[in-house]
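Descriptive analysis of the structure
Residue strings, one per chain:
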Amino acid sequence: MGDYLRPKTLAAALQALAEKPRVVLAGGTDHFPARVGRGADEDILDLTAVKPLRLFEDKGDHWRIGALVTWSDVIETELPPYLDGLKLAGREIGGRQIQNTATLVGNICNASPAADGAPILLALDAAIEITSASSKEVMPLAAFLHGNRATALQPDQLVTAIVIPRPRGPAASDFIKLGARQYLVISIVSVAAAIEVDMRKRIRKARIAVGSCAPTARGLPALEAELIGEECGARLGELVEAEHLSVLSPIDDVRASAAYRRDAALTLTRRLLARLGRRLGAKS
Ligand SMILES: Cc1cc2nc3c(=O)[nH]c(=O)nc-3n(C[C@H](O)[C@H](O)[C@H](O)COP(=O)(O)OP(=O)(O)OC[C@H]3O[C@@H](n4cnc5c(N)ncnc54)[C@H](O)[C@@H]3O)c2cc1C
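Below is a summary of the structure that appears in this document. (Residues numbered from 1 in each chain as written. Predicted model: local features only at pLDDT ≥ 70, side-chain atom pairs only at ≥ 80, totals over all residues. Heavy atoms only, no water.)

A few words on unusual backbone geometry. Located in the positive-phi region is A111, a residue other than glycine, with phi close to 55°. Mapped onto the elements of the fold, A111 is located in the loop between α6 (104–110) and α7 (117–123). Its identity as a non-glycine residue notwithstanding, K201 has a phi of 65°, on the positive side. Within the secondary structure, K201 is located in the loop between β12 (189–197) and β13 (203–211). (Helix = DSSP H or I, 4+ residues; strand = E, 2+ residues; numbered from the N terminus.)

As a further point, take the sheet that holds strand β14 (residues 218–219). Reading across from one edge, β11-β12-β13-β14 is the order of the 4 strands in this open sheet, with antiparallel pairing throughout. Since the sheet does not close on itself, it has two edges, and those belong to β11 (171–178) and β14, each with one partner. In this sheet, β12 lies alongside β11 in antiparallel orientation, the contact comprising 8 bridges. Of the residues in β12, the one forming a bridge with A171 is E196. Against the sheet, helix α10 (residues 258–281) touches β11, β12 and β13, its axis set at about 150° to β11. (Pairing = 2+ DSSP bridges. Contact = heavy atoms within 4.5 Å. Axes fitted to C-alpha atoms, helices over the stretch in contact; angles between N-to-C directions.)

Summed over the entire model, instances satisfying the criterion amount to 25 salt bridges. As a salt-bridge pair, K20 and D3 come within 3.3 Å of each other at their nearest N and O atoms. Of this pair, K20 sits in the loop between α1 (10–19) and β2 (23–25) while D3 sits in the segment before β1 (4–5); the two residues are 17 residues apart in sequence, bridging distant segments of the chain. Overall, the relative accessible area of 29% leaves K20 in the partly exposed class. Using a relative accessible area of 31% as the deciding quantity, one classes D3 as partly exposed. (Salt bridge = Lys/Arg side-chain N within 4 Å of Asp/Glu carboxyl O. Buried < 20%, exposed > 50% of the residue type's maximum accessible area, 1.4 Å probe, protein only.)

What follows covers the nonpolar core. Counting residues in each nonpolar core, the largest one holds 52 residues, and the members touching the most others are L86, I108, F144, I162 and I164. Broken down by element, the residue count for this core peaks at 5 residues, all from α7. The contact partners of I162, leaving out residues within four places of it in the chain, are W63, R64, I65, L104, V105, I108, L121, A126, A127 and I128. With 31 residues, the next largest nonpolar core counts I176, V197, L245 and A256 among its residues. (Core = buried A, V, L, I, M, F, W, Y, C linked by side-chain atoms within 4.5 Å.)

Next up, the structure:
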């Protein structure tokens, strides 16, 4: 039988991990379904009593999302329109019961190729704050996600927060997901984008990322580069070509074939950019 710790401070949690490797528990919505039928032999570190980790903070030039912030917290907190894409992703994660418990950090640490948080956080240029008893570092999400269920995290480390930089000018983000039905479904493809414009509504920075089409969510750098300088409007969708998605490596599985995923990713990327282009191009 493994032991179970529920410390009240971050220092105590980090000390417990420094002593021996433990399975970290946040909302448990990925952990518990994966453990069904496997017994109770693991040592658990339950983070849920470390209250300061539940903070969503506006730090001026960035937002800091603590490790216990749930998807419902994101949906219900008043946030600038730039983070609309994050709210949209949250509304698509499971149902209300899951959103009330599941954390953004758990979604990222679980490192499923189909994690809906990954593409939108990549598009928002998120970085991951990693803390141990003796160190603290912040690394880009793309570097943190190593592959299917694999991350840069070491056994003595916790993810303490996700950090999202504030854009320098007018900007917006968006998210779209395709599943076998409308709700409570694992993504076949998801696409997220964040676009920053200048005062003439020309694109000065674009980030687009696709989920469920590679071992981790993938950015589309060729498309991002091509969008620079373009005027915002619905025609942004028409600029997306199949070659822009050549970095994807979808697989055939029970949910969809690789060919279907590739085709759906192209359609969704076009649709998302048309929607976001229209929004950013609209007269204010
Ligand atoms: C019915 C159902 C529907 C779902 N629907 C969706 C969906 O539509 N889209 C989607 O993306 N996901 C979905 N999920 C998966 C899950 O709900 C999300 O991935 C959720 O965000 C995970 O967060 P959690 O806090 O529950 O993670 P947990 O289960 O607590 O943890 C997940 C993993 O991350 C690790 N971990 C958690 N926090 C930390 C930390 N601070 N530091 C280090 N490691 C940590 C844990 O050790 C574990 O390996 C669904 C799950 C269920 C049961």
